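A look at the structure
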Amino acid sequence: MQILGEFQSYNFERKEDIQYETYSGQTYSGKINWLKNGDYTIIPTEKTKMMLGDIPNYMVRILKINGNEYLYEKIEENQVQFGKINKIE
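Here is a short report on the structure shown in this document. (Residues numbered from 1 in each chain as written. Predicted model: local features only at pLDDT ≥ 70, side-chain atom pairs only at ≥ 80, totals over all residues. Heavy atoms only, no water.)

Things to note about the nonpolar core
Basically, it comes down to this: Here, nonpolar core refers to any group of buried Ala, Val, Leu, Ile, Met, Phe, Trp, Tyr and Cys residues whose side-chain atoms link them within 4.5 Å. When accessible area is computed with a 1.4 Å probe and restricted to protein chains, residues below 20% of their type maximum are described as buried, those above 50% as exposed, and intermediate ones as partly exposed. Secondary structure elements are defined from DSSP: runs of H or I of at least 4 residues count as helices, runs of E of at least 2 residues count as strands, and each element is numbered from the N terminus. Throughout, a residue-residue contact means that at least one pair of heavy atoms, one from each residue, lies within 4.5 Å.
Grouped together as the largest cluster of nonpolar side chains are eight residues: Ile 32, Tyr 40, Ile 42, Tyr 58, Val 60, Tyr 70, Tyr 72 and Ile 85. At the level of secondary structure, the elements contributing two or more residues to this core comprise strand E6 (39-44) and strand E8 (69-76). Among residues more than four places away in sequence, those in contact with Ile 32 are Arg 14, Glu 16, Asp 17, Ile 18, Gln 19, Tyr 40, Thr 41 and Ile 42.

Digging into unusual backbone geometry
Located in the positive-phi region is Glu 16, a residue other than glycine, with phi close to 55 degrees. In this structure, Glu 16 sits in the loop between strand E3 (11-15) and strand E4 (18-23). Residue classification places Glu 16 among the exposed residues on the basis of a relative accessible area of 82%. A positive phi angle, close to 50 degrees, is found at Glu 77, a residue other than glycine.

A word on the side chain of Asp 39
Where we set the bar: The term polar contact refers here to a pair of N or O atoms within 3.5 Å; inside protein, the definition further demands a hydrogen-donor-capable atom paired with an acceptor-capable atom, and it admits residues adjacent in sequence only when both atoms are side-chain atoms.
One can find Asp 39 in strand E6. A distance of 3.1 Å separates the side chain of Asp 39 from the side chain of Arg 61, its partner in a polar contact.

A few points about the environment of Ser 24
Structurally, the position occupied by Ser 24 is in the loop between E4 and strand E5 (26-36). The exposure class assigned to Ser 24 is exposed, which follows from its relative accessible area of 64%. Each C-alpha atom of the pair Ser 24 and Asn 11 lies 9.9 Å from the other, and the pair is 13 residues apart in sequence.

Dropping the structure here:
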């Protein structure tokens, strides 16, 4: 994942409507809630809520898809973050 030019190693995997995210050796999961074409939120599982505590609400909007990568924006309260996701086979 690349956020504002800074590369971060952040892996996630999707199986049906569940997303599993691994960051700094911890794995978190949540249900993908598609809002409309290209917009979604992740609803964390109870286990993830216990691990992370209070998780702010956010929405992800896919802006552009190009081959095996996409550009997105993450909208969280008063903050917008842009990033790029690359698919790894």
